[in-house]
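# Coordinate analysis (summary)
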Amino acid sequence: MHSKVTKVLYICFTVIPLVAAYFIKSRYKRLKAELEEEKNDYYYQNIFIHSKFECREHILQATSCGEECSLNHLLTLVHFIASAKESISLCVLTLQLLNILKELTKAHERGIKVRIILDKEMIAVDNLRLQRLRKSGIQVKTQKSDNSYLHHKFCLIDEKNKNSAKMFCGSLNLTLQGIVRNYEHVTLTNDYDMIQSFSEEFEKLWADFD
Ligand SMILES: *[C@@H]1O[C@H](CO)[C@@H](O)[C@H](O)[C@H]1NC(C)=O
Ligand SMILES: [Zn+2]
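Quantities reported herein were computed from a predicted structural model and do not represent experimental measurements. (Residues numbered from 1 in each chain as written. Chains lettered and ligands numbered in written order. Predicted model: local features only at pLDDT ≥ 70, side-chain atom pairs only at ≥ 80, totals over all residues. Heavy atoms only, no water.)

### Examining a nonpolar patch on the surface
On the surface, a nonpolar cluster with roughly 730 Å² of combined accessible area is contributed by Tyr10, Ile11, Val15, Ile16, Val19, Tyr22 and Phe23. Residue position: isoleucine 16 is located in helix 1 (residues 2-39). (Patch = residues over 30% accessible without salt bridge, like charges linked within 9 Å, V, L, I, M, F, W, Y side chains within 5 Å. Areas by Shrake-Rupley, 256 points an atom, 1.4 Å probe, with all protein chains shown as cover. Salt bridge = Lys/Arg side-chain N within 4 Å of Asp/Glu carboxyl O. Helix = DSSP H or I, 4+ residues; strand = E, 2+ residues; numbered from the N terminus.)

Put into structure tokens, the structure is as follows:
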């Protein structure tokens, strides 16, 4: 009798926890592997822009001086925007690069939902461009307040579609000056969680702004 109780206690306190630990560990390992596998589907690409004023001409003439040419960096962003299948949500301080403006208009014309948020003061300086965008039917909003900058620089593409969602963000002003004269970075990614977080912020601003 006594030895039976000892056996049961022994099983309860050593064998069962060992077996349970084994199963919990293997389950944890499997989950971790799954998570890593999922993560591996995501990419990041960093573009670093170095001050190369001579590239101003390369952009204007559409002739590249090599891989590091500002024209190549610009075209990377243009192709990114051109790949949109459903929506483009752009939120930037200023938007002057003609290639990008053209690509946004083209996207709008082929039925992509294009929404743009720009800084109020910058757009006041550049009112003609705003009018042209709005005239083409693209919705453009700015913050209500005059004494704050809309200093964001991000662009979401197909943010509601897990398969094609992508975004870029970084320090770059979408101006000729920004892309040829400054030192800047832009990060391109399809990390869905990050895109969702930016998307929530975009929707908040869109609801608040005029
Ligand atoms: C970004 O663009 C705005 C508007 O053109 C300009 O006022 C600002 O100085 C630019 N920033 C840089 C770092 O070039
Ligand atoms: Zn160049």
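### Looking at the packing of aromatic side chains
Enumeration over the complete set of coordinates arrives at 4 aromatic pairs. Measuring from ring centre to ring centre gives 6.0 Å for phenylalanine 80 and phenylalanine 168, while their planes differ by 55 degrees; the resulting arrangement is tilted. Of this pair, phenylalanine 80 sits in helix 3 (residues 70-82) while phenylalanine 168 sits in strand 6 (residues 166-170), and the two are 88 residues apart along the sequence. Residues phenylalanine 80 and phenylalanine 168 agree in their burial class; the two are buried. Connected via pairs of aromatic rings, a cluster forms that spans Phe154, Phe198, Phe202 and Trp206. Over the ring of tryptophan 206 we find arginine 115, and its NZ or CZ is 5.3 Å from the ring centre. When the ring centre of tryptophan 206 is taken as origin, the NZ or CZ atom of lysine 141, which lies over that ring, is 4.6 Å away. (Phe/Tyr/Trp six-rings, centres within 6.5 Å; stacked < 30°, edge-to-face > 60°. Buried < 20%, exposed > 50% of the residue type's maximum accessible area, 1.4 Å probe, protein only. Lys NZ or Arg CZ within 6 Å of the ring centre and 35° of its normal.)

### Quick notes on the UniProt feature "domain: Phospholipase D-like" (unreviewed entry) in the protein
The UniProt record annotates "domain: Phospholipase D-like" (unreviewed entry) at residues 77-206. Across residues 77-206, the secondary structure splits into 41% helix and 25% strand, with the terminal C-alpha atoms separated by 23 Å. (UniProt positions renumbered as here; feature names shortened; annotations may be inferred.)

### Some remarks on the side chain of arginine 115
By secondary structure assignment, the location of arginine 115 is in strand 3 (residues 113-118). For arginine 115, the side chain forms a polar contact with the side chain of serine 89, separated by 3.4 Å. (Polar contact = N/O pair within 3.5 Å; in protein donor to acceptor, adjacent residues only side chain to side chain.)

### Thoughts on the domain arrangement of the protein
Parsing the protein into structural domains produces domain 1 (1-40) and domain 2 (42-208). If you average the C-alpha positions of domain 1 and of domain 2, the two centres end up 52 Å apart. (Domains from an automatic or database assignment.)

### Looking at the sheet that holds strand 3
Spatially, 1-7-6-5-2-3-4 is the arrangement adopted by the 7 strands of the open sheet, whose pairing is mixed. The open sheet has two edge strands with one neighbour each: strand 1 (44-49) and strand 4 (139-142). Taken pair by pair, the neighbouring strands of this sheet meet at an average axis angle of 10 degrees, ignoring direction. Sheet topology places strand 5 (residues 153-157) next to strand 6; 4 bridges connect them, and they run antiparallel. Each bridged residue has a counterpart across the sheet, and for phenylalanine 154 the counterpart in strand 6 is cysteine 169. (Pairing = 2+ DSSP bridges. Axes fitted to C-alpha atoms, helices over the stretch in contact; angles between N-to-C directions.)

### Overview of the pattern of salt bridges
Evaluation of the coordinates by the stated rule reveals 4 salt bridges. Lysine 106 is paired through a salt bridge with glutamate 103; the nearest N and O atoms lie 3.7 Å apart. Taken together, the residues lysine 106 and glutamate 103, both in helix 4 (residues 98-109) and 3 residues apart, mark about one turn of the helix. The exposure class assigned to glutamate 103 is buried, which follows from its relative accessible area of 10%. A salt bridge links lysine 160 to glutamate 203; its shortest N-O distance comes to 3.6 Å. You can see lysine 160 sitting in the loop between strand 5 and strand 6 and its partner glutamate 203 sitting in helix 8 (residues 192-208), a full 43 residues away along the chain. According to the relative accessible area criterion, glutamate 203 is partly exposed, its value standing at 28%. If you follow the salt bridges from partner to partner, you end up with Arg115, Glu159, Lys160 and Glu203 in one network.

### A few points about the site of ligand 1
Inspection of the region around ligand 1 gives Leu93, Thr94, Gln96, Met122, Asn173, Gln177 and Asn182 as its neighbouring residues. Asparagine 173 places a polar side-chain atom, nitrogen or oxygen, 2.2 Å from an oxygen atom of ligand 1. Separating an oxygen atom of ligand 1 from a side-chain N or O atom of asparagine 182 is a distance of 3.1 Å. When the free accessible area of ligand 1 is taken as 360 Å², the share hidden by the protein chains comes to 53%. Residue composition of the shell around ligand 1, grouped by class: 2 nonpolar, 5 polar and no charged. (Near = heavy atom within 4 Å. Nonpolar A, V, L, I, M, F, W, Y, C, P; charged D, E, K, R; others polar.)

### Structural notes on the coordination of the zinc ion (ligand 2)
Around the zinc ion (ligand 2), the protein contributes the donor atoms Cys55 (SG), His58 (ND1), Cys65 (SG) and Cys69 (SG), which lie 2.0 to 2.4 Å from the metal centre. With 4 donor atoms in place around the zinc ion (ligand 2) and angles of 104 to 116 degrees between them, the coordination shape is tetrahedral. Read in sequence order, the donor residues for the zinc ion (ligand 2) give the motif C-x2-H-x6-C-x3-C. Of this pair, histidine 58 sits in helix 2 (residues 55-61) while cysteine 69 is found in the loop between helix 2 and helix 3, placing the two residues 11 residues apart along the sequence. Note on accessibility: histidine 58 and cysteine 69 belong to one class, buried. (Donors = N, O, S within 2.8 Å, 3.2 Å for Na, K, Ca; no water. Tetrahedral: all angles 85-135°; square planar, octahedral: opposite > 155°, others 65-115°.)

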